[in-house]
Amino acid sequence: MNREGILVVISGFAGTGKGTVVKGLLEKYDNFALSVSMTTRQPRPGEENGKSYFFVDKETFEKTIEEGGLIEHACYCDNYYGTPKAYVEEQLKAGKDVILEIEIQGALNIKKMFPTALLLFIMPPSAEELKRRLVGRGTETPEVIDKRMRRAAEESEGIDNYDYIVINDKVDQCVADTYSIIEAAHMRPKRNMNFINKIRHELNEISKGE
Ligand code: 5GP
């Protein structure tokens, strides 16, 4: 049976480890395609252009918006972030589940435009653990960490708009839980109407012959 791809939105506070969870999904299962976002933020050490993000200046970002090249965009901690359209459309058509790792404003815009998108929010086991992970990452200044903790408090108000939360205590368990939720979403009747109608038709044909 040919499955239609699901647009899977994965959000979570900065430092929750959602990047690691997404990496785990991509390594372990082969039906996923990861959308690489465009951003005006500066690359962190080790980040590669075209792999982590497409790093661009503000003018290029605004031009891409004007040309209709992004399916959503948002401003997060003074930088722009957006999802390039072409790749997402291409991969969904090819039957892949496309992962968007994006923040909450973008996620809610996606839900408006694509009501069948699956919205997952990766949670830390506690707020204290979140702060420990952010500090432990060692890539941000204390000011940026404070800003991201404040932003997390704001974002926490919107979590009930998501379809599921997944707790990232142990990464492997979180990857397995996330995968199970996505697989379950594929089994929703609404996503399987062709198959259901085929069985309905066959049942009718068989009963006619009896
Ligand atoms: P970071 O700077 O830590 O890589 O990302 C900051 C936030 O922006 C994260 O919550 C990340 O998920 C989100 N983000 C990354 N790409 C996009 C995007 O294309 N659109 C939106 N709306 N948010 C994004």
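In what follows, the structure referred to is the one given above.
Residues numbered from 1 in each chain as written. Predicted model: local features only at pLDDT ≥ 70, side-chain atom pairs only at ≥ 80, totals over all residues. Heavy atoms only, no water.

Chemist: Now, about the site of the ligand: what can you tell me, with residues and values included?
Modeler: Lining the immediate environment of the ligand, one finds 16 residues, of which Ser-37, Arg-41, Tyr-53, Glu-72 and Tyr-81 sit closest. Interatomic distance of 3.1 Å between a backbone N/O atom of Glu-101 and an oxygen atom of the ligand. In the complex, 95% of the free accessible area of the ligand, which totals 510 Å², lies under the protein chains. Because more than half of its atoms lie within 2 Å of the grid, the ligand is assigned to the largest pocket. Considering only residue class, the shell around the ligand consists of five nonpolar, four polar and seven charged. Per-domain counts for the shell around the ligand show at least three residues from each of domain 1 (1-31 + 97-210) and domain 2 (36-94). (Near = heavy atom within 4 Å. Polar contact = N/O pair within 3.5 Å; in protein donor to acceptor, adjacent residues only side chain to side chain. Areas by Shrake-Rupley, 256 points an atom, 1.4 Å probe, with all protein chains shown as cover. 1 Å grid on protein atoms, 1.4 Å probe; cavity = no way out; pocket = protein on both sides within 12 Å on 5 of 7 lines; lining within 4 Å. Sits in = over half its atoms within 2 Å of the grid points. Nonpolar A, V, L, I, M, F, W, Y, C, P; charged D, E, K, R; others polar. Domains from an automatic or database assignment.)

Chemist: I'd love a proper account of the pattern of salt bridges, names of residues and values included.
Modeler: For the structure on display, the rule yields 17 salt bridges. Ionic pairing is found between Glu-67 and Lys-63, a salt bridge with its closest N-O pair at 3.3 Å. Accessibility classification places Glu-67 together with Lys-63 in one group, the exposed group. The partner of Arg-132 in a salt bridge is Glu-129, and the shortest N-O contact between them spans 2.8 Å. Taken as a pair, Arg-132 and Glu-129 lie in helix α5 (residues 127-137) at a separation of three residues, close to a single helical turn. Connected through salt bridges with shared partners, the residues Arg-41, Arg-44, Glu-47, Arg-137 and Glu-140 form a single ionic network. (Salt bridge = Lys/Arg side-chain N within 4 Å of Asp/Glu carboxyl O. Buried < 20%, exposed > 50% of the residue type's maximum accessible area, 1.4 Å probe, protein only. Helix = DSSP H or I, 4+ residues; strand = E, 2+ residues; numbered from the N terminus.)

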